[in-house]
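Each chain is listed here by its residues.
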Amino acid sequence: MRAGSLQLEQELHGLLGVAECALLAGDEGRAADVVAEAEPLLAGWLPFRWRAELTLCNVRCRLVAGEAEELLERPAGRLHVEGPAGPAAHPGG
């Protein structure tokens, strides 16, 4: 794990939380500004990059028409988790 990567990821998720709050308050301009501030943080190494990318995509798809399909496609194959008993123990996914 690289030095500072966890703090970088926490900062990214914090910014995206602020963007989500702005969306809930109806301030799409502020949300877009915060998303723009958060996006460059993905350039660095992140231990859980997929989670950060998914969260960013989730917020961004509410700001940009047409990006909702990307959100639906992105987690396919990345979020499939099998328990100790294998996929049969989780028939729904």
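Further up the page is the structure itself.
Residues numbered from 1 in each chain as written. Predicted model: local features only at pLDDT ≥ 70, side-chain atom pairs only at ≥ 80, totals over all residues. Heavy atoms only, no water.

Undergrad: Which residues make up the side chain of Glu9, and what are the values?
TA: Relative to the helices and strands, Glu9 is located in helix H1 (residues 5-24). Glu9 gets classed as buried once you look at its relative accessible area, which sits at 3%. Once residues lying within four places of it in the same chain are set aside, the contact partners of Glu9 are Leu46, Pro47, Phe48 and Arg51. (Helix = DSSP H or I, 4+ residues; strand = E, 2+ residues; numbered from the N terminus. Buried < 20%, exposed > 50% of the residue type's maximum accessible area, 1.4 Å probe, protein only. Contact = heavy atoms within 4.5 Å.)

Undergrad: Go over the pattern of salt bridges, please, and point to the residues and values.
TA: Summed over all chains, the structure comprises four salt bridges. With a closest N to O distance of 3.0 Å, Arg62 and Glu20 form a salt bridge. Residue Arg62 is located in the loop between helix H3 (49-61) and helix H4 (68-73), and its partner Glu20 is located in helix H1; the two are separated by 42 residues in the primary sequence. Judged by its relative accessible area of 27%, Glu20 falls in the partly exposed class. Note that Glu53 is salt-bridged to Arg49, the shortest N-O span being 3.9 Å. Here the residue Glu53 and the residue Arg49 both occupy positions in helix H3, the gap between them amounting to four residues, near one helical turn. The class of Glu53 is buried, set by a relative accessible area of 18%. Judged by its relative accessible area of 26%, Arg49 is partly exposed. (Salt bridge = Lys/Arg side-chain N within 4 Å of Asp/Glu carboxyl O.)

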